[in-house]
Amino acid sequence: MSSTQQAGTARKGLIPERFVGIALISFAFLCFSGLDTTAKYLGQSLPAEQIVWMRFVTHVVYAVLLFRLWRMPHVLKSRRWGLQVFRALCLLGSTVFNFFAVRHMQLAETVSIMFAAPFVVTALAGPLLNEWAGLRRWMAIIVGFIGVLVVTRPGLGEMHWAAILSVCSMLSYALYALTTRMLTQTESPIGMLLISAAVAATAITPFGISAWVPPADAWTWILLLSTGAWGGIGHFALIRAHVLAPAPVLAPFMYTQIIWMAGLGYLVFNDVPGVFTLIGASIVVGSGLYILYRERKISRGEAAADAAGGSVGS
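The text that follows walks through the structure, step by step, so that each part is easy to find. (Residues numbered from 1 in each chain as written. Predicted model: local features only at pLDDT ≥ 70, side-chain atom pairs only at ≥ 80, totals over all residues. Heavy atoms only, no water.)

1. Here we look at the overall build of the chain
Step number 1: From N to C terminus, the chain includes twelve helices and zero strands.
Step number 2: Start at the N end of the chain and walk to the C end: the helices and strands fall as α-α-α-α-α-α-α-α-α-α-α-α.
Step number 3: Counting all 314 residues of the chain, 51% fall into the buried class.
Step number 4: Counted over contacts in the chain with a minimum sequence separation of 6, partners at least 24 positions apart contribute 90%.
Step number 5: Summed over its atoms, the accessible surface of the chain is roughly 14500 Å², and 69% of this surface lies on carbon and sulfur atoms. (Helix = DSSP H or I, 4+ residues; strand = E, 2+ residues; numbered from the N terminus. Buried < 20%, exposed > 50% of the residue type's maximum accessible area, 1.4 Å probe, protein only. Contact = heavy atoms within 4.5 Å. Areas by Shrake-Rupley, 256 points an atom, 1.4 Å probe, with all protein chains shown as cover.)

Following this line, the structure appears as structure tokens:
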């Protein structure tokens, strides 16, 4: 086999991974929506510090048991501990700010502010990761954000002070996503999943214990223990997605979370999506589908080029 054919085969094996990455990132935000919904529900009777602490403690316990880490302690070795700790603190900040915000705002409102994150991720992915977004991908992100503006309609109503917390959560998440992509080049996904939760759990422990309020019933206990599962599964899917696809490709699919949030807000809190929410959500979905279409077109074009190159080189 010629070198041209070998290069073509390698590219063919890599290109479909982007679609798997897109599916994983969409699933991750479904899990995060479940986490936010659970946190908002629990926040009616429990302190946010307690919920955050249990979210990370149970995350660690589930990860240790699921992956049987006592059999493979090598996954906890890291070449970049400073970046690992910084990433964990970004995750903790995003969670804390968001959990406090959802106590005062609707789910659709908090997630809409979070949707500024793709701008930050896409803008910084170039200089930090050398993953530059093209004009069409930027346009898709902008269109998706327009859909978010249709939902939130800033300037047409009084902004709640807790929106500042959502902005802080958004910035923390953007840095978390970028450092995740950086670390996937050298670190174990399982190690990243556990280290981030362990560092966050350790940092929040004094606050979680001091704020502890005994859950009122078994259902509250079940929901509290489920937070680690929502977060752990979601972040493992997020890590795997960043292993398989560049950050600018994944960033627009964060917008799918508004669909999950609007649905869960209606089912759990009887928040009926308005006409602007439905219109905006349609725009958001359209922008994500366009990115998917572009990736498929690029995939077919490169596959055709590889086939032509292979014929010439054979």
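There's plenty left to go through after this.
2. Topic: the environment of Val 111
Step number 1: By the secondary structure assignment, Val 111 is in helix 4 (residues 107–114).
Step number 2: You can call Val 111 buried: its relative accessible area is 2%.
Step number 3: Remark: the alpha-carbon pair of Val 111 and Ser 169, spanning 58 residues in sequence, is separated by 10.0 Å.
Step number 4: For Val 111, the residues in contact, after removing those within four places along its chain, are Gln 257, Ile 258 and Met 261.

3. Here we look at the packing of aromatic side chains
Step number 1: Applying the stated criterion across every chain yields a total of six aromatic pairs.
Step number 2: Where Phe 67 meets Phe 236, the ring centres are 5.5 Å apart and the plane angle is 45°; that geometry is what we call tilted. Note that Phe 67 is positioned in helix 2 (residues 48–67) and Phe 236 in helix 9 (residues 218–244), a separation of 169 residues in sequence.
Step number 3: Since its relative accessible area comes to 26%, Phe 236 is described here as partly exposed. (Phe/Tyr/Trp six-rings, centres within 6.5 Å; stacked < 30°, edge-to-face > 60°.)

4. Description of the side chain of Ser 196
Step number 1: Within the fold, Ser 196 resides in helix 8 (residues 189–210).
Step number 2: Apart from the residues within four sequence positions on either side, Ser 196 is in contact with Arg 87, Ala 88 and Leu 91.

5. Some remarks on the side chain of Arg 87
Step number 1: The residue Arg 87 is located in helix 3 (residues 81–101) in this model.
Step number 2: Buried and unpaired, Arg 87 has no salt bridge, with Glu 187 as the nearest side chain of opposite charge at 9.3 Å.
Step number 3: The residues touching Arg 87, leaving out its near neighbours within four places in the chain, are Tyr 176, Thr 179, Thr 180, Leu 183, Met 192, Ser 196 and Ile 239. (Lys, Arg positive; Asp, Glu negative; His and termini not counted. Salt bridge = Lys/Arg side-chain N within 4 Å of Asp/Glu carboxyl O.)

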